[in-house]
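Structural characterization, general
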Amino acid sequence: MASRTFLEAIRDAQYEEMKRDDSVFIMGEDVESNMFGTFSGLKEEFGADRVRNTPIAEAGMTGVAVGAAMVGMRPVVDYTMAPFLYPAFDQIISMASKTRYLYGGQGGVPVVLRANMIYGNANAAQHSDRPYSMFMNMPGLNIIVPSNAYEMKGLLKTAIRNNDPVLSFEDVALWSSKSEIPDEEYTIPFGIADIKREGEDVTIFAIGAMVNLALAAAEQLAKEGISCEIIDPRTVAPLDRATILTSARKTGHFVAVDSSFEMCSAASEVCALVAEQAFWDLRGPVKRVCTPNTHIPYSPSMEKQLYPTVEKVIDAVRSVMA
Amino acid sequence: MKQNLPRETLLEMYRRMRRIRLFEDLAEEIHRNGEVPGTCHTSQGQEGEIVGACMALRIDDYMVGNHRSHGHPIGKGAKLDGLMAELMARKTGVCGGKGGSMHLADFSVGSLGETSIVGSGIPVAAGAALGAKMKGLDRVSLCFFGDGASNEGTFHEGINMAANWKLPVIFLCENNGYAISTPISTTAQVENIADRAVGYGIPGVVVDGQDVLAVFEVVREAVHRARAGQGPTLVEAKTYRYLDHAANLGRNLAYRTDEEVAEWRAKRDPIALFDERITGEMGIKPAELRQIDDEVKAEVDAALEFARSSPFPDAEEAFTDVYGDRLAVDA
């Protein structure tokens, strides 16, 4: 076992997959300069052909990645920040997600589109989004939102081997956090949620960095005699509906924690799922803990209040159990 | 050089242009009677640039098209049966009835797909060229797009990236003068779309799209440059579409005169011009062309018969091909 940070896990996953498969290559903005440390040693080992800077042209670089993927390459594209996916929206939706379907399965688009989510750092509305739920509304995409370094490495390796497009949303709040990483190779399958803590009284569904908030809330609630079960979906597409429903039916109480805006969030989706399919096992209302539907302001005096916190999770649990 | 083309090549050019013309005449007709659902964009009048470009490619070269792309796979050599069946929404269509008229693809002839968001195929074609280059294949990629697409951001981003990386790709602008109803002269302040190549440091060439041999020669040169590692070329074929933006639109958009259309049909038809030229100065006998006409007619009729006798997809096929290797948990 070795202790590795979230950023090192990203680097390690890419390194191992590039070593394993010649068709894997990195492209994106400022990848050659290794801006965040996720490409350490890759250019030196695999050459400039496989670690290539693009112009600042998100739609273009996405389309180029799609075309390369259609003819047998496996591009891993780095957009740096998640809002930089927006200029590429048409290419992600119209081309990456739909190509396999439109052409009746003649080919697929094995691309990985990586984007970090930095929020709570006074970067204002255009730099602070957590937009994974926007992409959940579109068939044909896989979406990973890893919650720690171990998950990050295993999910990214699976993403690179997947034969369809995968969006990787990487929470900057986790960048320096460490996990024990096995020496032997491992991958984590898509669509299999991980039960991060078993419990009896309430299910807390939490995504990405929200898993840590849920774990902290569960510690405090345990002192009051409330036993929380924490579900980390690991991938929001595909979504492990069975694990979510089994847990909700068992505990009878359900809270979903999601740093996205509340409207049409992943939390909204799982709450609808539980309300529709586990209603008769529920003993209280479902509850979402999200970011309210306003833009992200610059001044910390306005921004700090907006995101989910441990206290908000605790309040939500209490309210559904009241 | 033109005169040196083998007879078989000339006859094949003629055959493919006729195939496209007859296929689309029929498509328009059966669209009118409801056998082709949805919209149907035809390219009658543009066969010269389509076939000239496609015949400069090898069968394993890649090609990306747009919403007006029945002719592109036909020009590249695709069989008509699967294309007609796709237009008619049948299970035996090239895309199994999922794509339709605007989204034909036949990977077996390098046709990677037609894409109906204007300009969206331009970077994708560059990407296919990148893939070929990285894999050490000597394949090239060609993207067909219209004059309207040249105003999209993807035109700039895709061509610029291809130029930076010297990708083996040919960007072929089919300038038929109108983006639906909007004249290109009102949306671009350069005389030629090809003039924009200067901005990317690549060659830009204007060619008469009604002259299949001229297009063939220009694209062949661009293909040669691409295979030799010299990067992309922007080719602009000046052409014209006879019919409305979409078949059987049911409205007169009144953006061009009937006289203008009639003049192009009478004086600038790519098939008639080629017929005249090869029977006149290149020693092809008119009877040879009439025989091809008959063969193509039989081929198109057979494709229609094939499509008509094919089943529609089962309703549950709406749920296949969304993912290639997804786990059952998300069912």
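Residues numbered from 1 in each chain as written. Chains lettered and ligands numbered in written order. Predicted model: local features only at pLDDT ≥ 70, side-chain atom pairs only at ≥ 80, totals over all residues.

Another aspect to go through is the overall build of chain A. The helix and strand tally for chain A stands at 12 helices and 14 strands. In terms of overall size, chain A behaves like a compact globule, its C-alpha atoms giving a radius of gyration of 20 Å where 322 residues would be expected to give roughly 20 Å. Along the first, second and third principal axes, the C-alpha atoms of chain A reach 60 × 45 × 40 Å. Residues counted as buried form 57% of the 322 residues belonging to chain A. (Helix = DSSP H or I, 4+ residues; strand = E, 2+ residues; numbered from the N terminus. Rg over C-alpha atoms; globule rule 2.2 N^0.38 Å. Buried ≥ 20, exposed ≤ 12 C-beta atoms within 10 Å, placed from the backbone.)

This brings us to the overall build of chain B. Along chain B, the regular secondary structure elements total 10 helices and 8 strands. For a compact globule of 331 residues, the expected C-alpha radius of gyration is about 20 Å, and chain B comes in at 19 Å, within 12% of that figure. Oriented by its inertia axes, the alpha-carbon framework of chain B measures out at about 55 × 50 × 40 Å. With 331 residues in all, chain B has 55% of them scored as buried.

Attention shifts here to helix α6 (residues 153-164) of chain B. Its 12 residues place the ends of α6(B) 17 Å apart at the C-alpha level, agreeing with the 16 Å of an ideal helix rising 1.5 Å per residue. Those residues of α6(B) lying buried are B:Thr154, B:Phe155, B:His156, B:Glu157, B:Gly158, B:Ile159, B:Asn160, B:Met161, B:Ala162 and B:Ala163. Where α6(B) is buried, its residues touch α3 (58-70) of chain A together with α5 (121-134), β4 (169-175) and β8 (233-238) of chain B. Backbone geometry just after α6(B) places B:Lys166 at a positive phi near 45°. (Expected span 1.5 Å × (residues − 1). Contact = placed C-beta atoms within 7 Å.)

Turning our eyes to something else, we now look at the interface of chain A and chain B. On the chain B side, the residues contacting the 45 residues of chain A number 41 residues. At the level of elements, α3, α4 (89-97) and α5 (99-102) of chain A are the ones that each hand at least two residues to the side of chain A that touches chain B. If you tally residues by element for the side of chain A that touches chain B, the top one is α3(A), at 10 residues. The residue makeup of the side of chain A that touches chain B, split by class, is 23 nonpolar, 17 polar and 5 charged. (Nonpolar A, V, L, I, M, F, W, Y, C, P; charged D, E, K, R; others polar.)

Strand-to-strand pairing in sheets goes through backbone hydrogen bonds, with the strands running parallel or antiparallel. Residues and elements named next belong to chain B. Strand order in the open sheet formed by 6 strands is β2-β1-β3-β4-β8-β7, with parallel pairing between adjacent strands. Two strands in the sheet have a free side with no partner beyond their single neighbour: β2 (111-114) and β7 (204-208). For this sheet, the mean angle separating the axes of adjacent strands, direction not counted, is 15°. Relative to β8, β7 is paired through 5 bridges, and the arrangement is parallel. Looking at β8, one finds that Asp208 is bridged to Lys238. (Pairing = 2+ DSSP bridges. Axes fitted to C-alpha atoms, helices over the stretch in contact; angles between N-to-C directions.)

A word on the nonpolar core. Counting residues in each nonpolar core, the largest one holds 200 residues, and the members touching the most others are A:Ile204, A:Val257 and B:Val235. Every residue in contact with B:Val235, bar those within four places of it in the chain, is listed here: B:Ile170, B:Phe171, B:Leu172, B:Cys173, B:Ala194, B:Val205, B:Val207, B:Val218, B:Val219 and B:Ala222. (Core = buried A, V, L, I, M, F, W, Y, C linked by C-beta atoms within 7 Å.)

Let us look at the domain arrangement of chain A. Residues and elements named next belong to chain A. Each assigned domain of chain A is listed here: domain 1 (2-181) and domain 2 (194-321). Of note, the centres of domain 1 and domain 2, computed from C-alpha atoms alone, are 26 Å apart. For the side of domain 1 that touches domain 2, the secondary-structure elements that each account for two or more residues are α6 (132-136), β6 (142-144), α7 (149-161) and β7 (166-171). For the side of domain 1 that touches domain 2, the class distribution of residues is 15 nonpolar, 5 polar and 3 charged. (Domains from an automatic or database assignment.)

Another aspect to go through is the sheet that holds strand β13 (residues 254-261) of chain A. Residue and element names in this part refer to chain A. Here we have 5 strands laid out as an open sheet, ordered β9-β11-β10-β13-β14, and mixed in their pairing. One side of each edge strand has no neighbouring strand; the edge strands of this open sheet are β9 (194-197) and β14 (287-291). When strand polarity is set aside, the average angle formed by the axes of neighbouring strands in this sheet is 25°. Bridge count for strand β10 (residues 202-206) against strand β11 (residues 228-232) is 4 bridges, and the pairing is parallel. When the sheet's bridge partners are listed, Phe205 is paired in β11 with Ile231. Running over the sheet, helix α8 (residues 210-223) touches β9, β10, β11 and β13 and is turned about 175° from β11. Contacts between helix α12 (residues 310-321) and the sheet are confined to β10, β11, β13 and β14, with β14 contributing the most and set at about 160° to the helix.

This paragraph deals with the environment of A:Gly104. In this fold, A:Gly104 is placed in the loop between α5 and β5 (112-117). It is 29 Å that separates the C-alpha atoms of A:Gly104 and A:Ala115, two residues lying 11 residues apart in sequence.

What follows concerns the pairing of β7(A). A regular strand places its side chains so that they alternate between the two faces of the sheet. All names here are of chain A. Burial analysis of β7 places 6 of its 6 residues in the buried class, the great majority of the element. Along β7, one buried face is formed by Val166, Ser168 and Glu170 and the opposite face, lined by Leu167, Phe169 and Asp171, is buried too. Bridging between β5 and β7 involves 6 bridges; their strand directions are parallel. Counterpart to Arg114 in the pairing with β7 is Ser168. Examined bridge by bridge, β6 and β7 share 3 bridges and lie parallel to one another. In the strand pairing of β7, Ile143 is matched with Leu167.

To continue, consider the packing of α3(A) against α5(B). Interhelical geometry of α3(A) versus α5(B) gives an angle of 50° and a closest axis separation of 6 Å. Judged by the angle between their axes, α3(A) and α5(B) are oblique. The element α3(A) and its partner α5(B) pack so that their crossing is right-handed. In contact with A:Ala59, A:Gly60, A:Gly63, A:Val64, A:Ala65, A:Val66, A:Gly67, A:Ala68 and A:Met70 of α3(A), α5(B) contributes B:Pro123, B:Val124, B:Ala125, B:Ala126, B:Gly127, B:Ala128, B:Leu130 and B:Gly131. For the contact of α3(A) with α5(B), the per-class residue count stands at 12 nonpolar, 5 polar and no charged. (Parallel < 35°, antiparallel > 145°, perpendicular 65-115°, else oblique. Left-handed = near helix turned anticlockwise from the far one by under 90°.)

With that out of the way, let us pick up helix α9 (residues 241-251) of chain A. All names here are of chain A. Taken residue by residue, α9 has Thr243, Ile244, Ser247, Ala248 and Thr251 as its buried positions. Each buried residue of α9 sits inside an arc of 125° when the element is viewed along its axis, so together they form one side. Those residues of α9 hidden inside the fold are in contact with β10, β11, β13 and α10 (266-277). (Arc of directions from axis to C-beta.)

All names here are of chain B. One can describe the packing of helix α1 (residues 7-32) onto helix α10 (residues 286-308) by two numbers: an axis separation of 9 Å at closest approach and a directional angle of 40°. As the angle between them shows, α1 and α10 are arranged oblique. Once α1 is placed against α10, the crossing between them reads as right-handed. Listed contacts from α10 to Leu11, Tyr14, Arg15, Arg18, Arg19, Leu22, Phe23 and Leu26 of α1 are Glu288, Leu289, Ile292, Asp293, Val296, Lys297, Glu299, Val300 and Leu304. Along the lines of polarity and charge, the residues of the contact of α1 with α10 split into 10 nonpolar, no polar and 7 charged.

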